[in-house]
Amino acid sequence: KRNIIVGQSGGPTSVINSSLAGVYKNAIERGFDKVYGMLHGIQGLLDEQYVDLSTQIHSELDIELLKRTPSAFLGSCRFKMPEIHEDKTIYEKIFGILNKLDIYAFIYIGGNDSMDTIKKLSDYAILTGQTQKFLGVPKTIDNDLALTDHTPGFGSAAKYIGASTKEVIRDAQGLTYKKNMITIMEIMGRNAGWLTGATALAKTEDCDGPDLIYLPEVAFDIERFLHKVKELLKKKSSIVIAVSEGIKLADGRYVCELGSVGDYVDAFGHKQLQGTATYLANFLAAECGCKTRAVELSTLQRSASHMASRVDIDEAFMVGGAAVKAADEGDTGKMVVIDRVSDDPYMSA
Ligand code: F6P
């Protein structure tokens, strides 16, 4: 028997299911016997939570619908795979399940942590003489995976962010009769500024775009920021500023940690970064004495269905299929990348 198991991991995107559809369609066309889906990624797999996808997908139409449906159909997880010497039992458990299900290839759709998992599982298989193949499918709105030209999910999020920024700017402009107003838009991307940079897409003939943009890659200087805002207020009554959720001071502290608003750790012990815009809106209201507003696009950035781009959907579908092809041809421990030069996805270690 030659079966495949596929999982989704990390933050969802508008096109994460397009990759799942690509994996499924290609696996069936290549004659694999069964395609299993892990429920909530590797965390679910460890609890033996998986489903035979043929019980969920009955037709070409189902595949097409899946391809166009945002948010993780199988459920996602945040999971950091331990090193083999740290916890060998996790590896033994996973391989026990893979062997029980006659898995030929394990395909993981995700970001940096997921690709790390693929590499570790593949290394373990080679080390212990097991033959399963492990392939990664790139997925993240953050666009922060190395080697690939860009990541599926980013384009749709960028399109949504650009369009939403324009709407926020227009709305704010209508509210400034005899008063100033500062709007702070908070954009996702904990460590990478691509998404916040996409707010500049709002700049078109009929829209100036955001007045200031702050990325996590550049240390944030709050005094310089205040000075710039005050200078701008002398020239215009409505200012729109885009900030990444992850902007940090030169000493490494997140801006959202400066006040009490955004500084919290969730029930799973993860530091949550919401609150950057709220903190800055409070700060500017006090310093500039004008109306301020915080706008967080939050999860809409990654799961707004009406903004999924056609190219993004097709690319996500294609990289899913390419992972199955690569596994079928014997590759392992690799991630599919998008190569703009050849215009074809190709494999890379
Ligand atoms: O990794 C993608 C992402 O959407 C980041 O942009 C964001 O910082 C993070 O996920 C939020 O994760 P969660 O929804 O788990 O809080």
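Rules used in this analysis
Residues numbered from 1 in each chain as written. Predicted model: local features only at pLDDT ≥ 70, side-chain atom pairs only at ≥ 80, totals over all residues. UniProt positions renumbered as here; feature names shortened; annotations may be inferred. Helix = DSSP H or I, 4+ residues; strand = E, 2+ residues; numbered from the N terminus. Buried ≥ 20, exposed ≤ 12 C-beta atoms within 10 Å, placed from the backbone. Contact = placed C-beta atoms within 7 Å. Axes fitted to C-alpha atoms, helices over the stretch in contact; angles between N-to-C directions. Parallel < 35°, antiparallel > 145°, perpendicular 65-115°, else oblique. Left-handed = near helix turned anticlockwise from the far one by under 90°. Expected span 1.5 Å × (residues − 1). Core = buried A, V, L, I, M, F, W, Y, C linked by C-beta atoms within 7 Å. Pairing = 2+ DSSP bridges.

## A look at the UniProt feature "binding site: substrate" (unreviewed entry) in the protein chain
Moving on, step 1. Under the present numbering, the feature "binding site: substrate" (unreviewed entry) in UniProt falls on Thr140, Ile141, Asp142, Met188, Gly189, Arg190 and Glu245.
Moving on, step 2. If you trace the backbone, Ile141 turns up in the loop between β5 (133–138) and α6 (154–173).
Moving on, step 3. The buried category is assigned to Ile141, around which 32 C-beta atoms lie within 10 Å.
Moving on, step 4. Residues within four places of Ile141 in sequence aside, it is in contact with Gly11, Thr13, Gly153, Phe154, Ala157, Met188, Leu195, Gln301 and Arg302.
Moving on, step 5. Positionally, Asp142 belongs in the loop between β5 and α6.
Moving on, step 6. If sequence neighbours within four positions are ignored, Asp142 has contacts with Gly111, Gly189, Ala192, Trp194 and Leu195.

## Considering the packing of helix α8 (residues 222–235) against helix α9 (residues 276–288)
Moving on, step 1. Contact pair α8 / α9: the axes reach a minimum separation of 11 Å and the direction vectors enclose 60°. Here α9 runs oblique to α8, going by the angle between their axes. Handedness of the crossing formed by α8 with α9: right-handed. Only Leu284, Glu287 and Cys288 of α9 make contact with α8, whose side of the interface consists of Leu226, Val229, Lys230 and Leu233.

## Notes on unusual backbone geometry
Moving on, step 1. Within the chain, Ser71 stands out as a residue other than glycine whose phi angle is a positive 75°.
Moving on, step 2. Along the chain, Ser71 turns up in the loop between α3 (60–67) and α4 (88–100).
Moving on, step 3. Despite not being glycine, Ser298 has its phi angle at roughly 50°, a positive value.
Moving on, step 4. Among the structural elements, Ser298 can be located in the loop between β11 (291–296) and α10 (300–303).

## Quick word on helix α11 (residues 310–328)
Moving on, step 1. Compared with an ideal rise of 1.5 Å per residue, which puts 19 residues at 27 Å, α11 spans 27 Å between its outermost C-alpha atoms and is within 8% of the ideal.
Moving on, step 2. Count one or two residues on from α11 and you reach Gly330, which has phi positive near 100°.

## Observations concerning the nonpolar core
Moving on, step 1. Ile4, Ile107 and Ala323 are the most contacted members of the largest nonpolar core, which has 101 residues in total.
Moving on, step 2. The greatest single-element share of this core, amounting to nine residues, is contributed by α11.
Moving on, step 3. Excluding residues that lie within four positions of it along the chain, Ile107 makes contacts with Ile4, Val6, Val23, Leu135, Val137, Ala323, Val324 and Ala327.

## So, the environment of Ala200
Moving on, step 1. Checked against the element boundaries, Ala200 lands in the loop between α7 (194–197) and β7 (212–214).
Moving on, step 2. Among the residues examined, Ala200 registers 15 C-beta atoms within 10 Å and is labelled partly exposed.
Moving on, step 3. C-alpha of Ala200 to C-alpha of Thr165: the two residues are 35 residues apart in sequence and 8.3 Å apart in space.
Moving on, step 4. Those residues in contact with Ala200, other than ones at most four positions away along the chain, are Gly209, Pro210 and Ile213.

## Observations concerning α9
Moving on, step 1. The end-to-end C-alpha distance of α9 is 18 Å, a good match for the 18 Å that 13 residues give at a rise of 1.5 Å each.
Moving on, step 2. All of the buried residues along α9 are Thr276, Ala277, Tyr279, Leu280, Ala281 and Leu284.
Moving on, step 3. Packed against the buried residues of α9 are β6 (181–187), α8, β8 (238–244) and β11.
Moving on, step 4. Note on α9: the residue one or two positions beyond its end, Gly289, has a positive phi of about 60°.

## What to know about the UniProt feature "binding site: Mg(2+)" (unreviewed entry) in the protein chain
Moving on, step 1. The residues that UniProt annotates with the feature "binding site: Mg(2+)" (unreviewed entry) are Asn112.
Moving on, step 2. Tracing the backbone shows Asn112 in helix α5 (residues 112–127).
Moving on, step 3. Given 16 C-beta atoms within 10 Å, Asn112 falls into the partly exposed group.

## Structural notes on the sheet that holds β6
Each strand in a sheet pairs with another by means of backbone hydrogen bonds, the pair being arranged parallel or else antiparallel.
Moving on, step 1. Taken in spatial order, the four strands of this open sheet run β7-β8-β6-β11, and their pairing is parallel. Two strands in the sheet have a free side with no partner beyond their single neighbour: β7 and β11. Neighbour-to-neighbour, the strand axes of this sheet turn through a mean angle of 15°, independent of strand direction.
Moving on, step 2. Sheet topology places β6 next to β11; six bridges connect them, and they run parallel. Directly across from Ile182, in β11, lies its bridge partner Thr292.
Moving on, step 3. Along the sheet, α9 makes contact with β6, β8 and β11, crossing β11 at roughly 175°.

## What about the environment of Met318?
Moving on, step 1. Among the secondary structure elements, Met318 is positioned in helix α11.
Moving on, step 2. Between the alpha carbons of Met318 and Val341 there is a distance of 16 Å; along the sequence they are 23 residues apart.

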